[in-house]
Amino acid sequence: MISVLVVDDEPPARRRIRSLLADQADLEVVGECGNGREAITAIRELHPDLVFLDVQMPEVSGFDVIEAIGPAAMPVVVFATAYDEFALRAFDAHALDYLLKPFEQERFERALERVRHQLRRVRDEGEDERLRALVRALRGEATRLERLPVRVGPRTRLIALDDVDYLEARSNYVRLHVGERSYLVRDTLSGLEARLDRGRFLRIHRSLVVNMVRVQEVESLFAGEYVLHLRGGVRITSGRTYRRALETAFGLRA
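In this text the structure is predicted, and so the values were computed from the model without any measurement.

Student: Help me out: how do you make sense of the sheet that holds strand 3 (residues 50-54) in this one?
Tutor: Where strands meet in a sheet, backbone hydrogen bonds hold them as pairs that are either parallel or antiparallel. Taken in spatial order, the five strands make up an open sheet running 2-1-3-4-5, and their pairing is parallel. Looking at which strands have only one partner, the edges of the open sheet turn out to be strand 2 (27-33) and strand 5 (98-100). Recorded for the sheet is a direction-independent mean angle of 20° between the axes of neighbouring strands. Pairing geometry for strand 4 (residues 76-81) and strand 5, over three bridges, is parallel. By the bridge assignment, Phe-79 is partnered in strand 5 with Tyr-98. Running at roughly 135° to strand 3, helix 3 (residues 62-69) makes contact with strand 3 and strand 4 of the sheet.

Student: Help me understand the pattern of salt bridges, please; the structure alone is not making it clear to me.
Tutor: Opposite charge on two side chains permits pairing when their charged atoms draw close. Inspection of every chain in the model, using the stated rule, returns 15 salt bridges. With its nearest N and O atoms 3.7 Å apart, the salt bridge here joins Asp-54 to Arg-186. Of this pair, Asp-54 sits in strand 3 while Arg-186 sits in the loop between strand 10 (181-185) and helix 7 (189-193), placing them 132 residues apart in sequence. Arg-186 matches Asp-54 in its accessibility class, with the two residues each being buried. Where Asp-197 meets Arg-200, a salt bridge forms, and the shortest distance between an N and an O atom there is 3.6 Å. For Asp-197, a relative accessible area of 32% corresponds to the partly exposed category. Here the residues in one salt-bridge network are Asp-9, Glu-10, Asp-54 and Arg-186, joined through shared partners.

Student: Which parts of the structure should I look at to understand the environment of Leu-20?
Tutor: Note on placement: Leu-20 falls in helix 1 (residues 11-21). Separated by 85 residues in sequence, Leu-20 and Gln-105 place their C-alpha atoms 6.8 Å apart. Leave out the neighbours within four places in its chain, and Leu-20 touches Phe-103, Gln-105 and Phe-108.

Student: Sorry, what's going on with helix 1 here?
Tutor: Structural remark: α-helix, 3.6 residues per turn; residues separated by three or four positions point the same way. Restricting attention to buried positions, one finds in helix 1 the residues Ala-13, Arg-14, Ile-17, Leu-20 and Leu-21. The buried residues of helix 1 occupy an angular sector of 130° when projected down its axis, which confines them to one face.

Student: Would you explain the side chain of Thr-188 in this entry?
Tutor: Topologically, Thr-188 is positioned in the loop between strand 10 and helix 7. For Thr-188, a relative accessible area of 15% translates into the label buried.

Student: Sorry if this is basic, but what is going on with the sheet that holds strand 15 (residues 235-237) here?
Tutor: Read from one edge to the other, the open sheet built from three strands follows the order 13-14-15, with strand pairing classed as antiparallel. Every interior strand has two partners, whereas the edge strands, strand 13 (215-220) and strand 15, have only one. Each adjacent strand pair in this sheet contributes to an overall mean axis angle of 25°, direction not counted. Here five bridges tie strand 13 to strand 14 (residues 226-230), and the two strands are oriented antiparallel to one another. Its bridge partner being in strand 14, Ser-220 is matched across the sheet by Tyr-226.

Student: Is there a simple way to think about the pairing of strand 8 (residues 166-170) in this case?
Tutor: As a general feature of sheets, a regular strand has side chains that alternate between the two faces. Where strand 8 lies against strand 9 (residues 173-178), five bridges are found, and the strand directions are antiparallel. Residue pairing for strand 9: Leu-167 is matched across the bridge by Leu-176. If you look at the hairpin formed by strand 8 and strand 9, you'll find two residues sitting between the two strands, and Ser-171 has a positive phi there, around 55°. Bridge count between strand 8 and strand 12 (residues 208-211): three bridges; the pairing is antiparallel. By the bridge assignment, Leu-167 is partnered in strand 12 with Val-209.

Conventions we followed
Residues numbered from 1 in each chain as written. Predicted model: local features only at pLDDT ≥ 70, side-chain atom pairs only at ≥ 80, totals over all residues. Heavy atoms only, no water. Pairing = 2+ DSSP bridges. Helix = DSSP H or I, 4+ residues; strand = E, 2+ residues; numbered from the N terminus. Axes fitted to C-alpha atoms, helices over the stretch in contact; angles between N-to-C directions. Contact = heavy atoms within 4.5 Å. Salt bridge = Lys/Arg side-chain N within 4 Å of Asp/Glu carboxyl O. Buried < 20%, exposed > 50% of the residue type's maximum accessible area, 1.4 Å probe, protein only. Arc of directions from axis to C-beta.

Right under this line is the structure:
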């Protein structure tokens, strides 16, 4: 019997995976988790054979879970993702399976066949080096984003990061400000910041990351704060704790 852990921060997605697994006689769901922290604990305690792992969870992502557990101790993984362009290329490159949301039964069945084959191989050969290689790739320089996919009605629009004025944290989402328009991305600001080009994007507040190329003027305020004047007349204010980083990035004197 293959023991399965389901990890996704969206209850409908967890229910969908459970329903698709219901007819699989050789698979047993031993638990489900609604966030990455719960997943780390559950994997360590339950030692499942297989984890359906959501990639884009707030605070602790699917990749954070893998790093916390370690590729050598990680069960076989089927990644679940909405539309992370880079992640899909990485999964394909390392021959690891993923499911696009919303899950379709036929694609789900094919993923399970690959899982069964992979479990036999891992049990015979030991650690799956592909997972370690995937983590290295996703945490390396190749993760620097050039475009971000955003949902606009039934379509996915690819937003060039060069066109983004600044990024703003909104609970478990990030709002991209692009001229007079804005778009919501389901991710955390810290998660996106880690994949941005540090030479172009700067954290100036706990809830703001700015595209430095879009900054035209920097105005000093009292108590270490600055007002950044962006193209198009937009103004945003930095936080005091980010003063030193801002001054260094723009060559300002303290």
